[in-house]
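# Examining the three-dimensional arrangement
Okay, here's what each chain looks like letter by letter:
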Amino acid sequence: MSKLQFQLVKSAEDASAQIVGAQTAEDIANLLEVPERQLLHILYAYPNEKKYNSFEIEKKNGGFRHIKAAKGGLRALQGKLAPILVSHYKPRNPVHGFLKGRSIVTNAKQHKRKRYVLNIDLKNFYESINFGRVIGLFKAKPFNMGKKAAAVAAHMCIFENSLPQGAATSPVISNYIASELDRRLSCLARRYKLTYTRYADDITFSSNNRKFPEKIAFFDGNNAITNKCHVGSILEKSIRDCGFSINHRKTRLQICGVRQGVTGLTVNEFPNVRRTYVRNIRALLHAWRKYGPDKAESVYRSKYAKNKSRLTDSEKHYFKETLYGMLAFLNMVKEEDALYLKLCLQAAELDNDPPERIQNMKKKYKMYDVFISHASEDKSDIVLPIYEACKSKNLNVFYDDEELEWGDSLTEVLNRALGKSKLFLAVLSANSINKTWPRKEINVALSLRVEGKQKFLPLIVGSPNMSGLALTSDLLHITWNDNPEEIANELIAALKKFS
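Residue positions within a chain follow its written sequence, with the count starting from 1. Totals for whole chains, interfaces and linings use every residue, but because this is a predicted model, local features are given only for residues with pLDDT of at least 70 and side-chain atom pairs only at 80 or more, for both listing and counting. Side-chain calculation: all heavy atoms of the structure are included, whereas hydrogens and water are not.

This part covers the overall build of the protein chain. Each helix is a run of DSSP H or I of at least 4 residues and each strand a run of E of at least 2, with the numbering of both proceeding from the N terminus. Across its full length, the protein chain carries 21 helices and 15 strands. Each radius of gyration reported is based on C-alpha atoms, and the globular scaling rule is 2.2 Å times the count of residues to the power 0.38. Since a compact globule built from 499 residues should have a radius of gyration of about 23 Å, the 31 Å found for the protein chain marks it as more spread out than a globular shape. Seen through its C-alpha atoms, the protein chain measures out along the principal axes to roughly 95 × 65 × 45 Å. Across the 499 residues that make up the protein chain, the buried fraction comes to 45%. By sequence separation, contacts in the protein chain at least 24 residues apart represent 66% of the contacts at least 6 residues apart. Side-chain charges in the protein chain split into 78 positive and 52 negative, and the spacing between the mean points of these groups amounts to 12 Å. Buried, partly exposed and exposed residues are distinguished by accessible area as a fraction of the type maximum, computed with a 1.4 Å probe on protein chains only: under 20%, between the cut-offs, and over 50%, respectively. We call two residues contacting when some pair of their heavy atoms lies within 4.5 Å. Positive: Lys, Arg. Negative: Asp, Glu. His and the chain ends are not part of the count. Every charge is mapped to an atom, namely NZ of Lys, CZ of Arg, CG of Asp or CD of Glu.

Structure (structure tokens):
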């Protein structure tokens, strides 16, 4: 048999149209660009161990998530079918799982600053979606498949009579099957003036009503913190009638004043991670700083790695992979706020080869002690000796020859460095005093000085005509006498006072 390709040759539009009304196995084979005989062999003749890899992932709150990931030919078939199914799915507003542009963050945002937040977990969500439900999906709109084609497509997506968690087709199919549930719960939400969302098997209702409706959920006593929460009869019936059941052990009705969580994020004021999450990132950075990457990796592997089975590559730094993964998640939630930037820049200082996004961030947000404004004619005799003297004293100086790279925008880089420098050293010489670019830099720096954001330090070279720089006339200056070491020391003193 020929090796299957993971991408369709036909256009997405053609594939989307071709799936509608498929009647036979041959139609499905043509849709997925595979010989019919090979398709049927993969679906009906392959033993189970050739179809899926099964493994477990430890959950944060205890227990294990059972993953079944398709492999080989079946993986290729599912990879082709999934985007075709997605192209026909029309999501309802409350649905946030497995959709482009939606995430646990968009889901959590719907419930921020609410008096009540109700969390419900659907029990065995994927396992409750069986072969019969999936074949029924393919026979109905929008696919309108014949019985034979629907059976072939369902066999492609179902394993051991349930939807396998880990298959490429499972997320979109679960959203299709839960569409009626979303419709019913949206109606309940409107009736009782609630906000409803669903992320996979996580259902959330929230409200600013003075009292939460008892037909949706209620406490078995008067204490909203210590008493147990129960799901109301009308909500339980609506979920059960749609073919799902509630995991009552995970049902929570949270009031304002205590931590309210939605899909792992706090929503009392705005979607945010737990404090312990940030503490863990700081702990990883501290371990890297204290022990170095190799020792930190060794300790991580032996003590903290949850999934030992993935630690197969002895040369790979899973410690760094974990750190950067946690930073990426923090970025998704906090969207490059000051805390995220601070943690990323700390990682960038420790890592000689950080990921590209961290490198770009380091370049974008790097802070400088000194910005040296000068004319190119003064570079070799004046600016370079000052730069080298500063560098030997561990001052972080913006020096264009070191910072600018091929393809960089000169204006963008210089403006960014100007705004990120604490001291502005203006080399005022006959060469620079009338040049357009140094004058522009000086004007920006003088504005920053007025705002208290930067200290302006004139360095006079020779006897330039200062008549055009009246705003600098009352500023104390240093004179250039081939004295780079003295200037570097003066910059250190100025930096201490400014900080």
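Now that the structure has been shown, the text picks up again.
What follows covers the packing of aromatic side chains. How two aromatic rings sit relative to each other is set out by the distance from centre to centre and by the angle between their planes. Put simply, two rings from Phe, Tyr or Trp (the six-membered ring, in Trp's case) pair if the centres are within 6.5 Å, and we call them stacked under 30 degrees between planes, edge-to-face over 60, tilted for the rest. Summed over the entire model, instances satisfying the criterion amount to 16 aromatic pairs. Aromatic pair Phe125 and Tyr126: ring centres 5.5 Å apart, planes at 70°, arrangement edge-to-face. Each member of the aromatic cluster is reached from another via a ring pair, and the members are Tyr368, Phe371, Phe398, Phe424 and Phe456. Lying over the aromatic face of Tyr46, Lys50 brings its terminal NZ or CZ to 5.6 Å of the ring centre. As a reminder, the over-ring test applies to NZ of lysine and CZ of arginine, requiring each to be within 6 Å of the ring centre and within 35 degrees of the ring normal.

Let's shift gears to the environment of Met326. Following the sequence through the fold, Met326 ends up in helix 14 (residues 318-334). Separated by 95 residues in sequence, Met326 and Ser421 place their C-alpha atoms 30 Å apart.

If you check helix 20 (residues 436-450), its first and last C-alpha atoms are 22 Å apart, about what 15 residues at 1.5 Å a residue would give, namely 21 Å. When we look at burial in helix 20, the residues that qualify are Pro438, Glu441, Ile442, Ala445, Leu446 and Leu448. Here the buried residues of helix 20 occupy an arc of 160° about the axis, which is enough to place them on one side. Opposite the packed face of helix 20, turned more than 90 degrees from it, sit the exposed residues Thr436 and Val450. Phi for Gly452, located one or two positions after helix 20, is positive at around 75°. To estimate the expected span of a helix, count its residues, drop one, and scale the result by 1.5 Å. The arc under discussion is defined with respect to the helix axis, by the directions toward the C-beta atoms.

The next thing to look at is the sheet that holds strand 5 (residues 202-207). Pairing is antiparallel in the open sheet, where 4 strands are placed in the order 4-5-3-8. The open sheet has two free edges, formed respectively by strand 4 (195-199) and strand 8 (252-255), since each of these has just one partner strand. Taken over all neighbouring pairs, the strand axes of this sheet differ in orientation by 15° on average, direction set aside. Sheet topology note: the strand 4/strand 5 ladder contains 5 bridges and is antiparallel. For Thr197, the partnering residue across the bridge sits in strand 5 and is Thr204. DSSP calls a pair of strands paired once it identifies at least 2 bridges connecting them. Here the axes come from fitting lines to C-alpha atoms, over the contacting stretch only for helices, and the angles between their N-to-C directions go from 0 to 180 degrees.

On to the pattern of salt bridges. Opposite charge on two side chains permits them to pair, given that their charged atoms come into close proximity. Here a salt bridge means any side-chain nitrogen of Lys or Arg lying within 4 Å of a carboxyl oxygen belonging to Asp or Glu. Taken as a whole and judged by the stated rule, the model has 14 salt bridges. Across the pair Arg113 and Glu269 runs a salt bridge whose closest N-O atoms are separated by 3.4 Å. Of this pair, Arg113 sits in the loop between helix 6 (104-109) and strand 3 (116-121) while Glu269 sits in the loop between strand 10 (265-266) and helix 12 (275-291), placing them 156 residues apart in sequence. With its nearest N and O atoms 3.1 Å apart, the salt bridge here joins Arg184 to Glu180. With Arg184 and Glu180 both in helix 10 (residues 179-191) and 4 residues apart, this pair spans about one turn of that helix. What makes Arg184 partly exposed here is its relative accessible area of 30%. On the accessibility criterion, Glu180 (32% relative accessible area) is partly exposed. Three or more residues are tied together by salt bridges with common partners; here these are Glu180, Arg183, Arg184, Lys237 and Asp241.

It is worth spelling out helix 14 at this point. When the terminal C-alpha atoms of helix 14 are compared, their 24 Å separation across 17 residues agrees well with the 24 Å that a helix rising 1.5 Å per residue should span. Three or more residues of helix 14 are buried, namely Tyr318, Phe319, Lys320, Leu323, Tyr324, Met326, Leu327, Leu330, Val333 and Lys334. Two residues or fewer past helix 14, Glu335 is found with a positive phi of approximately 55°.

Attention now goes to the sheet that holds strand 15 (residues 478-479). Pairing between the strands of a sheet comes from backbone hydrogen bonds, and it takes one of two forms, parallel or antiparallel. The sheet built from 5 strands is open, its strands ordered 12-11-13-14-15 with parallel pairing. Lying at the two open borders of the sheet, with one neighbouring strand each, are strand 12 (397-398) and strand 15. Together, strand 11 (368-373), strand 12, strand 13 (421-428) and strand 14 (455-460) form the strand contacts of helix 17 (residues 379-392), whose direction differs from that of strand 13 by roughly 150°.

This brings us to the environment of Leu459. With respect to the helices and strands, the residue Leu459 is situated in strand 14. Measuring from C-alpha to C-alpha, the distance between Leu459 and Ser429 comes to 8.4 Å, with 30 residues separating the pair along the chain. Setting aside residues no more than four positions away along its own chain, Leu459 makes contact with Ile386, Leu425, Ala426, Val427, Leu428, Ile478, Thr479, Trp480 and Ile487.

Residue Pro142 is reached from Lys141 by a cis peptide bond, and omega for that bond is 10°. Phi is positive for Asn144, which is not a glycine, with a value near 50°. Tracing the chain through its elements places Asn144 in the loop between helix 7 (131-139) and helix 8 (147-157). On the basis of relative accessible area, Asn144 is assigned to the partly exposed category, the value being 35%. Within the chain, Asp482 stands out as a residue other than glycine whose phi angle is a positive 55°. Here Asp482 shows up in the loop between strand 15 and helix 21 (484-498).

This next bit is on the side chain of His88. When you line up the elements, His88 lands in helix 5 (residues 72-88). Excluding anything up to four places from it in sequence, His88 contacts Ser16, Ile19, Val20, Pro142, Phe143 and Tyr176.

Here helix 12 crosses helix 13 (residues 293-304) at 130°, and the two axes come no closer than 7 Å. As far as their axial angle goes, helix 13 and helix 12 are oblique. The chirality of how helix 12 crosses helix 13 is right-handed. Packed against helix 12, whose contacting residues are Ala287, Trp288 and Tyr291, the element helix 13 presents Pro293, Lys295 and Ala296 at the interface. An angle counts as roughly parallel when it lies under 35 degrees, as roughly antiparallel when it exceeds 145, as roughly perpendicular when it falls between 65 and 115, and as oblique in every other case. In this scheme the crossing of two helices becomes right-handed for a clockwise turn of the near helix relative to the far one and left-handed for an anticlockwise turn of less than a right angle.

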